[in-house]
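Remarks on the overall topology
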Amino acid sequence: MATTFSFCSNVSHLNSLNHSLIRQPNPRRILHRFRCAGENPTTSSATDGDEGSEPENALLKVAWNASELLGIATSFFRSPTNPGASEVARELARDGSGSVDRAGVVKTIKDDFERSYFVTGNLTLDAYEEDCEFADPASSFKGLRRFKRNCTNFGSLLEKSNMKLMKWEDFEDKGIGHWRFSCILSFPWKPILSASGYTEYLYDPQSGKVCRHVEHWNVPKMALLKQILRPSRRFWSKRTVI
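Residues numbered from 1 in each chain as written. Predicted model: local features only at pLDDT ≥ 70, side-chain atom pairs only at ≥ 80, totals over all residues. Heavy atoms only, no water.

1. Concerning unusual backbone geometry
Backbone geometry places Ser 116, a non-glycine residue, at a positive phi of 50 degrees. The phi torsion at Lys 190 lies on the positive side, around 50 degrees, for a residue other than glycine. Following the sequence through the fold, Lys 190 ends up in the loop between strand S6 (174–185) and strand S7 (192–203). Accessibility expressed as a relative area gives 14% for Lys 190, which makes it buried. (Helix = DSSP H or I, 4+ residues; strand = E, 2+ residues; numbered from the N terminus. Buried < 20%, exposed > 50% of the residue type's maximum accessible area, 1.4 Å probe, protein only.)

2. Digging into the pairing of strand S8 (residues 210–217)
Buried residues dominate S8, accounting for eight of its eight residues. Where strand S3 (residues 128–135) meets S8, four bridges bridge the pair, whose relative direction is parallel. Across the sheet, residue Tyr 128 finds its bridge partner in S8, namely Val 210. Summarising the sheet, S7 and S8 pair through seven bridges and their orientation is antiparallel. Directly across from Leu 202, in S8, lies its bridge partner Arg 212. (Pairing = 2+ DSSP bridges.)

3. Digging into the side chain of Glu 215
Positionally, Glu 215 belongs in strand S8. Separated by 3.5 Å, the side chains of Glu 215 and Trp 217 make a polar contact. (Polar contact = N/O pair within 3.5 Å; in protein donor to acceptor, adjacent residues only side chain to side chain.)

4. Topic: the packing of aromatic side chains
Going through the model one piece at a time under the given rule, you end up with eleven aromatic pairs. Considering the side-chain rings of Phe 154 and Phe 181, the 6.3 Å spacing of their centres and the 45 degrees angle between planes classify their relative orientation as tilted. Pair noted here: Phe 154 is in helix H6 (residues 144–155) and Phe 181 is in strand S6, with a separation of 27 residues, a long-range link. Each member of the pair Phe 154 and Phe 181 is classed as buried. Through successive ring pairs, a cluster of aromatic residues spans Phe 113, Tyr 117, Phe 118, Tyr 128, Phe 134, Phe 141, Phe 147 and Trp 179. The positively charged end of Arg 146 is found above the aromatic ring belonging to Phe 141, 4.4 Å away from the centroid. (Phe/Tyr/Trp six-rings, centres within 6.5 Å; stacked < 30°, edge-to-face > 60°. Lys NZ or Arg CZ within 6 Å of the ring centre and 35° of its normal.)

5. Some thoughts on the sheet that holds S8
Here six strands make up an open sheet; going across it, the order is S4-S3-S8-S7-S6-S5 and the pairing mixed. Looking at which strands have only one partner, the edges of the open sheet turn out to be strand S4 (140–142) and strand S5 (158–170). For this sheet the average axis-to-axis angle between neighbouring strands, irrespective of direction, equals 20 degrees. In the packing of H6 onto the sheet, the strands contacted are S3, S4, S5, S6 and S8, and the crossing angle to S3 comes to about 55 degrees. (Axes fitted to C-alpha atoms, helices over the stretch in contact; angles between N-to-C directions. Contact = heavy atoms within 4.5 Å.)

6. Observations concerning helix H4 (residues 102–114)
For H4, built from 13 residues, the straight-helix expectation of 18 Å at 1.5 Å per residue is met to within 8% by its first-to-last C-alpha distance of 19 Å. The set of residues buried in H4 consists of Gly 104, Val 105, Val 106, Thr 108, Ile 109, Asp 112 and Phe 113. Note on H4: the residue one or two positions beyond its end, Ser 116, has a positive phi of about 50 degrees. (Expected span 1.5 Å × (residues − 1).)

7. Digging into the pattern of salt bridges
Considering all chains together, one arrives at seven salt bridges under this definition. A cluster of three or more residues bridged by salt bridges with shared partners is formed by Arg 94, Asp 126 and Lys 209. (Salt bridge = Lys/Arg side-chain N within 4 Å of Asp/Glu carboxyl O.)

8. Some thoughts on the environment of Lys 226
Here Lys 226 shows up in helix H7 (residues 221–229). In this structure the C-alpha to C-alpha distance between Lys 226 and Leu 193, which are 33 residues apart in sequence, comes to 9.4 Å.

This is the structure:
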């Protein structure tokens, strides 16, 4: 989620864009399948957000890249925090070959959901490969520290947030966590974001750690952008009082 929602920090600059981009009909929904090793089961019935047209994807890509850089820049102006406060410095149990225990990895991910790791960056680093790939409908990159940084930057833009793990599915080479998320962004117009989806956690066959973290949203990408641009009722009620 942080890989795409990080573009929120630069979205105020998108208000001058032609509104016709937002009014385009929703493109066809498709299901993306990602493999780390072997054939993945297909019992999950959840669907992705839209694939998107070329102009839409280009717009989101530019916004995402610009906002990530802006998030890095603004992080220098935030008050310093305890570097150990936003991560769980815990080593997971390993077997004789050095591979981490699968049950331990799953429990760790569920515990990290309780800490809303998508918006806090508060996650157990030992559950992931250092060069783990993080992907969502708008972007993908490799690097655990970069993911953690983007999550932390996104969380700093929120007034309130609520994330809940709804269901967990176990497969041979991956786990799937189904979630719901909502938040109020701290922009002047107080937009409200709301989405559901699922994340695939694909395990490395040697280390047992998560080597790919792939997000799928059950809402079109441009619908999320429209949510960000739409003022909330809180904004209008305050203007009425003034």
